[in-house]
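Per-entry structural report
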Amino acid sequence: MKVLDAEFTQGFIRMANDGWEQGWHERNGGNLSYRMKESEVAEVKDDFSNGEWKPIGTTVPNLAGEFFMVTGSGKYFRNVIIKPEDSFCIIELDDKGENYRIVWGLVNGGRPTSELPSHLMNHEVKKLKTNGAYRVIYHAHPANTIALTFVLPLTDEAFTRELWEMATECPVVFPDGIGVVPWMVPGGREIAVETSKLMEKYDVAIWAHHGMFAAGEDFDLTFGLMHTVEKSAEILVKTLSMTNVKRQTIKPDEFRELAKDFKVSLPERFLFEK
Ligand code: 2HA
Ligand code: ZN
């Protein structure tokens with residue numbers, strides 16, 4: 001089968017375009033990666049041709065030999081739907097998890113996303129933690145979430161609690177909470193290490209003054225997670241634009257009741273008295 005005809009490729013394209021339509025991907029902002037199933041690799045491998053091995057910039061031994069579909073560095077999410085073969089690629093990792101080679105896509109040249117170290121280190125953490133269930137890592141620049149990084153304390157507790165309060169579904173959608181990375185230079189191993197540490201605990205990491213990373217099992221869950229966090233951030237931005245005092249909100253005991261009914265466990269460290 002051709003790569004472009006595969007269902008996972010269509011899912012990848014749709015997610016990238018959905019992100020573009022949300023306004024989360026100005027210019028070449030954001031990146032997306034998908035850890036392919038063995039059956040999916042088998043389905044499309046006749047369409048592969050091997051490029052040269054290149055260093056990843058970090059080591060991910062637990063992903064050795066795996067294949068990933070990833071957006072290209074400098075490529076625009078806006079173009080993914082009309083120029084898929086120019087906008088993203090499939091890479092294979094070597095048997096040590098130190099090098100990659102492009103086996104499909106980026107037909108006009110280029111390399112995988114500048115955030116490849118963060119994507120792969122997050123994939124490695126999530127693969128180990130979820131017994132292989134998680135396959136998608138998504139980075140975008142949603143404006144409301146970014147705006148809050150200028151106003152809220154840059155702590156996991158402040159972001160989790162504020163975003164939980166702004167929409168009742170939030171503690172059910174991300175019960176483990178949200179992590180925050182202080183401002184750092186993007187693209188390198190250092191920010192990848194900090195982000196992957198947070199991914200041990202959470203499915204969402206916010207990069208101060210930059211954007212958000214989300215992890216999940218499939219395209220729907222991962223896009224939906226980013227969408228839910230950003231919607232909640234939008235409600236908080238609107239509220240803070242009217243007043244800095246909430247007349248009423250969801251209280252710690254009400255979160256505890258919600259947790260019981262929806263059978264989620266909410267860490268007590270986010271349910272502090274204000
Ligand atoms: O330009 O979003 O973080 C891609 C990015 C880098
Ligand atoms: Zn970015």
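All figures in this text were calculated on a predicted structure; none of them were measured in a lab.

Observations regarding the site of ligand 1
Taken together, the neighbourhood of ligand 1 is formed by N28, G29, G30, N31, E115, H139, H141 and H210. N28 has a polar backbone atom sitting 3.1 Å from an oxygen atom of ligand 1. Here an oxygen atom of ligand 1 and a side-chain polar atom of H139 are 3.3 Å apart. For ligand 1, the protein covers 85% of the area, taking 220 Å² as the surface of the free molecule.

Some thoughts on the coordination of the zinc ion (ligand 2)
Summarising the metal site, the zinc ion (ligand 2) is bound by the protein donors H139 (NE2), H141 (NE2) and H210 (NE2), whose distances to it range over 2.0 to 2.1 Å. Sequence positions of the donors to the zinc ion (ligand 2) reduce to the motif H-x1-H-x68-H. Pair noted here: H139 is in strand 6 (residues 136-140) and H210 is in the loop between strand 8 (204-207) and strand 9 (211-216), with a separation of 71 residues, a long-range link. A relative accessible area of 1% means that H139 is categorised as buried.

Observations regarding the pairing of strand 8
Burial of strand 8 is two-sided: the residues V204 and I206 facing one way and the residues A205 and W207 facing the other way are all buried. Bridging between strand 7 (residues 179-181) and strand 8 involves three bridges; their strand directions are parallel. When the sheet's bridge partners are listed, V181 is paired in strand 8 with W207. Here strand 8 pairs with strand 9 via four bridges, running antiparallel. Directly across from I206, in strand 9, lies its bridge partner M212.

Observations concerning the nonpolar core
Counting 68 residues, the largest nonpolar core has M36, F48, I90, Y138 and L163 as its most contacted members. Counting residues per element, this core draws most heavily on helix 10 (residues 219-242), at seven residues. V70, I91, L106 and M121 belong to the second-largest nonpolar core, a separate cluster that totals 15 residues.

The rules we used
Residues numbered from 1 in each chain as written. Chains lettered and ligands numbered in written order. Predicted model: local features only at pLDDT ≥ 70, side-chain atom pairs only at ≥ 80, totals over all residues. Heavy atoms only, no water. Near = heavy atom within 4 Å. Polar contact = N/O pair within 3.5 Å; in protein donor to acceptor, adjacent residues only side chain to side chain. Areas by Shrake-Rupley, 256 points an atom, 1.4 Å probe, with all protein chains shown as cover. Donors = N, O, S within 2.8 Å, 3.2 Å for Na, K, Ca; no water. Helix = DSSP H or I, 4+ residues; strand = E, 2+ residues; numbered from the N terminus. Buried < 20%, exposed > 50% of the residue type's maximum accessible area, 1.4 Å probe, protein only. Pairing = 2+ DSSP bridges. Core = buried A, V, L, I, M, F, W, Y, C linked by side-chain atoms within 4.5 Å.

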